[in-house]
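# A structural walkthrough
What follows is each chain in one-letter form.
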Amino acid sequence: MQLLDVTLLSLQTALVATVGMAIPAFFIASYLVRNTGRVAFILDLMVSMPLALPPVAVGFVLLWFFGATGPLGPLSEGLAFSWVAMSIASAVVSFPLVVRAFVAGLGEVDPRLVFAARNLGAGRLRATWDVILPLAKRGIAAGLLLGFVRSFAEFGATIVFAGNIPGSTQGLPSAIFSRISAGDFSEAWSLAAVSIVIGGIALAVHNRLVAQQRNRMVARSGSNG
């Protein structure tokens with residue numbers, strides 16, 4: 001039952017993190033695809049920063065940010081050391097990967113098609129829904145899957161910001177760490193096996209989507225040639 005509990009908690013936090021990242025990542029990626037100036041450079045630098053930091057440092061910053069003396073302390077009482085904190089930490093660490101995948105997917109959309117839709121009277125939202133999303137759907141789906149896998153596997157930032165509380169904030173990564181620390185390698189292997197299966201399935205689907213997107217690009221290049 002404990003194996004099921006920690007697995008479900010990890011799935012829950014990863015799904016919440018992935019859903020929470022989707023819209024912000026899409027808007028930031030859309031801006032980065034359309035712009036290359038100083039603002040875009042700074043925005044890309046800020047978004048990518050979690051990739052350059054140790055996850056424990058990210059968790060420490062989040063703990064301060066949402067702590068009693070932090071900027072959001074008065075509004076986030078009780079947030080740290082909860083499953084919501086797990087999702088936030090996972091989302092922050094995974095966010096750069098999702099944005100980069102979205103940028104790659106959106107970059108394959110022919111801007112002339114969007115321009116034509118706007119000239120025919122479609123608003124920005126309608127053009128996004130009818131033109132951009134259908135053409136970039138594989139890249140977007142691949143990005144969300146990559147974000148899910150990274151969120152599901154997150155440990156460093158999560159254990160600092162959310163802790164490792166059995167039955168509350170102990171997901172699969174922290175449960176594996178606890179079992180190894182206690183010398184219970186049999187249980188650790190069981191937890192690791194579940195992580196490998198779930199992560200492997202998600203990555204297999206991700207790689208399939210990326211391959212389909214690549215084949216589509218090759219086919220389009222051939223037809224244009």
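Presented here is an overview of the structure given in this document. In this text the structure is predicted, and so the values were computed from the model without any measurement.

### A short note on the environment of alanine 40
- Considering the arrangement of structural elements, one finds alanine 40 in helix 2 (residues 38-52).
- For alanine 40, a relative accessible area of 5% corresponds to the buried category.

### A closer look at the pattern of salt bridges
- Summed over the entire model, instances satisfying the criterion amount to two salt bridges.
- Taking the shortest distance from any N to any O, the salt bridge between aspartate 130 and arginine 126 comes out at 2.3 Å. Taken together, the residues aspartate 130 and arginine 126, both in helix 6 (residues 124-153) and four residues apart, mark about one turn of the helix.
- Look at aspartate 130 and you get partly exposed, because its relative accessible area is 39%.
- The class for arginine 126 is exposed, based on a relative accessible area of 56%.
- Close ionic contact of glutamate 154 with arginine 150 constitutes a salt bridge, the shortest N to O distance being 3.0 Å.
- On the basis of relative accessible area, glutamate 154 is assigned to the buried category, the value being 4%.

### So, helix 8 (residues 172-181)
- When you tally the buried positions in helix 8, you get seven out of ten residues, the bulk of the element.
- For helix 8, the set of buried residues is Leu172, Pro173, Ser174, Ala175, Ile176, Ser178 and Arg179.
- Just beyond helix 8, the residue with positive phi is glycine 183, at close to 80°.

### With respect to the packing of helix 4 (residues 83-106) against helix 6
- At a minimum axis distance of 8 Å, the contact between helix 4 and helix 6 shows a crossing angle of 155°. Compared by their axis directions, helix 4 and helix 6 come out roughly antiparallel. Note that helix 4 runs across helix 6; the crossing there is right-handed. Where helix 4 abuts helix 6, its residues Ser90, Ala91, Val93, Ser94, Leu97, Val98, Ala101, Phe102, Gly105 and Leu106 lie against Ile132, Ala136, Gly139, Ile140, Gly143, Leu144, Leu146, Gly147, Arg150 and Ser151.

### So, a nonpolar patch on the surface
- Taken together, Phe41, Ile42, Leu45, Met46, Met49 and Leu53 make up a surface patch of nonpolar side chains, about 600 Å² in accessible area.
- Position of leucine 45 among the secondary structure elements: in helix 2.

### Overview of the nonpolar core
- Core analysis: the biggest nonpolar cluster contains 24 residues, and Phe95, Val99 and Phe102 have the highest contact counts within it.
- Broken down by element, this core gets its largest block of residues, seven residues, from helix 1 (residues 2-34).
- Ignoring sequence-local partners within four residues, the contact set of phenylalanine 95 consists of Met21, Pro24, Ala25, Ile28 and Val47.
- Counting 13 residues, the second largest nonpolar core, distinct from the first, contains Val6, Phe152, Ile176 and Ala202.

### What to know about the packing of aromatic side chains
- Under the counting rule described, the total for this entry stands at six aromatic pairs.
- Three or more aromatic residues link up through ring pairs in this structure, and these residues are Trp64, Phe65, Phe66 and Phe161.

What counts, and at which threshold
- Residues numbered from 1 in each chain as written.
- Predicted model: local features only at pLDDT ≥ 70, side-chain atom pairs only at ≥ 80, totals over all residues.
- Heavy atoms only, no water.
- Helix = DSSP H or I, 4+ residues; strand = E, 2+ residues; numbered from the N terminus.
- Buried < 20%, exposed > 50% of the residue type's maximum accessible area, 1.4 Å probe, protein only.
- Salt bridge = Lys/Arg side-chain N within 4 Å of Asp/Glu carboxyl O.
- Axes fitted to C-alpha atoms, helices over the stretch in contact; angles between N-to-C directions.
- Parallel < 35°, antiparallel > 145°, perpendicular 65-115°, else oblique.
- Left-handed = near helix turned anticlockwise from the far one by under 90°.
- Contact = heavy atoms within 4.5 Å.
- Patch = residues over 30% accessible without salt bridge, like charges linked within 9 Å, V, L, I, M, F, W, Y side chains within 5 Å.
- Areas by Shrake-Rupley, 256 points an atom, 1.4 Å probe, with all protein chains shown as cover.
- Core = buried A, V, L, I, M, F, W, Y, C linked by side-chain atoms within 4.5 Å.
- Phe/Tyr/Trp six-rings, centres within 6.5 Å; stacked < 30°, edge-to-face > 60°.

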